[in-house]
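Here is what each chain is made of, one letter per residue.
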Amino acid sequence: NKNVNYAGFDTAKKFVEVEILFKAKENASSFDVSISDDFTLFDANGNKASGIGLPLEVSGVKGLVSGAIKTTVIAKSETPYFPLKVAFDSSNLKGELRLKISKFPSFEFLIE
């Protein structure tokens, strides 16, 4: 999701939400991730934005849980999927963006 606004944040800022669905393969190990340290968006000019929090919605109002958020992606055969949504302040980013998650290959997507 692009151009998202959150309660309590400047509406002139541009935020992007990225939904990620981790899927564990057989014999996969759990691993820890930090929202601010392990998730980064880059544009073609080298500008970057780290993850700033986890979006949430309560009674139709969008909010953002921010701070030093860490979670463990748990790999279990009975629950092989782990969903995660990360918010970025993309105000300084332009054009095509690339998402980098530590320990994973990067991939690209377009935000207009």
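A look at the pattern of salt bridges
Okay, step 1: Scanning the entire structure with this criterion turns up 4 salt bridges.
Okay, step 2: As a salt-bridge pair, K62 and E17 come within 3.3 Å of each other at their nearest N and O atoms. Of this pair, K62 sits in strand β6 (residues 61–66) while E17 sits in strand β2 (residues 15–23), and the two are 45 residues apart along the sequence.
Okay, step 3: A salt bridge links E17 to K85, with the nearest nitrogen and oxygen atoms 3.7 Å apart.

Details of unusual backbone geometry
Okay, step 1: With a phi close to 50°, S59 is a non-glycine residue in the positive phi region.
Okay, step 2: Relative to the assigned elements, S59 resides in the loop between β5 (48–58) and β6.

Let's talk about the pairing of β6
The side chains of a regular strand alternate, first on one face of the sheet and then on the other.
Okay, step 1: The sheet contact formed by β5 and β6 spans 6 bridges and is antiparallel. Opposite G53, over in β6, you have S66 as the bridge partner.
Okay, step 2: Adjacent in sequence and paired antiparallel, β5 and β6 are bridged by 2 residues, among which S59 carries a positive phi angle near 50°.

Some remarks on the environment of K70
Okay, step 1: Among the secondary structure elements, K70 is positioned in strand β7 (residues 70–73).
Okay, step 2: Residues K70 and I35, spaced 35 residues apart in sequence, show a C-alpha to C-alpha distance of 6.2 Å.
Okay, step 3: What K70 contacts, discounting residues up to four positions off in sequence, is V33 and S34.

What about the environment of F9?
Okay, step 1: If you trace the backbone, F9 turns up in the loop between β1 (2–4) and β2.
Okay, step 2: What makes F9 partly exposed here is its relative accessible area of 31%.
Okay, step 3: Measuring from C-alpha to C-alpha, the distance between F9 and L64 comes to 9.0 Å, with 55 residues separating the pair along the chain.
Okay, step 4: The contact partners of F9, leaving out residues within four places of it in the chain, are F15 and L64.

Criteria and thresholds
- Sequence positions are assigned chain by chain, starting from 1 and proceeding in written order.
- Given that the model is predicted, a residue must reach a pLDDT of at least 70 before its local features are reported, and side-chain atom pairs must reach 80 or more before they are shown or counted; all residues, however, enter totals for whole chains, interfaces and linings.
- Only heavy atoms go into the side-chain values, all of them from the structure, while hydrogens and water stay out.
- One side-chain nitrogen of Lys or Arg within 4 Å of one carboxyl oxygen of Asp or Glu is enough to make a salt bridge.
- Labels follow the DSSP assignment, with helices taken as runs of H or I lasting at least four residues and strands as runs of E lasting at least two, numbered in each case from the N terminus.
- Whether two strands pair depends on DSSP finding at least two bridges between them.
- We call two residues in contact when some of their heavy atoms are within 4.5 Å.
- Three labels apply to residues, based on accessible area from a 1.4 Å probe with only protein chains included: buried if under 20% of the type maximum, exposed if over 50%, partly exposed otherwise in between.

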